[in-house]
Amino acid sequence: RIVSRKPSDFIITYRGRTFYAEVKSVEKEPRFSFDKVQKGQWFRAVKVTHAGGLYLFFVYFGCVERWYRIPAGKLLERFHSGAKSINLKDLEGLEWTLGDFDACISAQAE
């Protein structure tokens, strides 16, 4: 069936793997507020991850001028525990270089 809403900002297929990509940015703060994620985006992230799919959030932090590749499961875990945001210190190892899709498809194991 045709749907009016898209499941994410982008649907990317790379080396035979398809994943959903949500793109966000934070300009000055060293934390990503979950207020920036719409209710429907949370819903679709839950559906995709529960089905074994890969749903990633790409968040640009202007305060450090870096991109981070965050598996939805990591954000969902914090969100469901009652957290309102995730800090840069909690994203260590998830730094991402624009265009490094090999790092994205390896995120399934995270």
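For the structure itself, look to the data block above.
All values derive from a computational prediction rather than experimental measurement. (Residues numbered from 1 in each chain as written. Predicted model: local features only at pLDDT ≥ 70, side-chain atom pairs only at ≥ 80, totals over all residues. Heavy atoms only, no water.)

Regarding the sheet that holds strand S1 (residues 10-14)
Strand pairing in a sheet is mediated by backbone hydrogen bonds. Such pairs are either parallel or antiparallel.
Move 1: Reading across from one edge, S1-S2-S4-S5-S7 is the order of the 5 strands in this open sheet, with mixed pairing throughout. The open sheet has two edge strands with one neighbour each: S1 and strand S7 (95-96).
Move 2: As defined by bridge partners, strand S2 (residues 17-26) adjoins strand S4 (residues 55-61) across 7 bridges and the pair is classed as parallel. Note that in S4 the partner of Glu22 across the bridge is Phe57.
Move 3: Against the sheet, helix H1 (residues 39-50) touches S2 and S4, its axis set at about 135° to S4. (Pairing = 2+ DSSP bridges. Helix = DSSP H or I, 4+ residues; strand = E, 2+ residues; numbered from the N terminus. Contact = heavy atoms within 4.5 Å. Axes fitted to C-alpha atoms, helices over the stretch in contact; angles between N-to-C directions.)

Thoughts on the nonpolar core
Move 1: Within the largest apolar cluster, 20 residues are counted, with the highest numbers of intra-cluster contacts made by Phe32, Phe57, Phe61, Ile70 and Leu75.
Move 2: Among the secondary structure elements, those contributing two or more residues to this core are H1, S4, strand S5 (66-71) and helix H2 (72-80).
Move 3: At 4 residues, S4 tops the list of elements feeding residues into this core.
Move 4: With near-sequence residues (within four places) excluded, Phe61 lies in contact with Val26, Glu29, Pro30, Arg31, Phe32, Arg66, Tyr68, Leu88 and Leu91. (Core = buried A, V, L, I, M, F, W, Y, C linked by side-chain atoms within 4.5 Å. Buried < 20%, exposed > 50% of the residue type's maximum accessible area, 1.4 Å probe, protein only.)

So, the pattern of salt bridges
Pairing is possible between side chains that carry opposite charge, provided their charged atoms lie close to one another.
Move 1: This structure, assessed with the given rule, holds 3 salt bridges.
Move 2: For the salt bridge of Glu29 with Arg31, the shortest nitrogen-to-oxygen distance reads 3.0 Å.
Move 3: For Asp90, the salt bridge is made with Arg78, and the minimal N-O distance between the two is 3.9 Å. Here the residue Asp90 occupies a position in the loop between strand S6 (85-87) and S7, and Arg78 occupies one in helix H2, the gap between them amounting to 12 residues. (Salt bridge = Lys/Arg side-chain N within 4 Å of Asp/Glu carboxyl O.)

As for the packing of aromatic side chains
Move 1: If you walk through the whole model with that rule in mind, you get 14 aromatic pairs.
Move 2: Here the aromatic rings of Trp42 and Phe79 are separated by 4.4 Å at their centres, their planes lie at 20°, and the arrangement is stacked. Linking Trp42 in helix H1 with Phe79 in helix H2, this pair joins segments that are 37 residues apart in sequence.
Move 3: On the basis of relative accessible area, Trp42 is assigned to the buried category, the value being 9%.
Move 4: The exposure class of Phe79 is partly exposed, given its relative accessible area of 34%.
Move 5: By way of ring pairs, the aromatic residues Tyr14, Phe19, Phe58, Tyr60, Trp67, Trp96 and Phe101 are connected into one cluster. (Phe/Tyr/Trp six-rings, centres within 6.5 Å; stacked < 30°, edge-to-face > 60°.)

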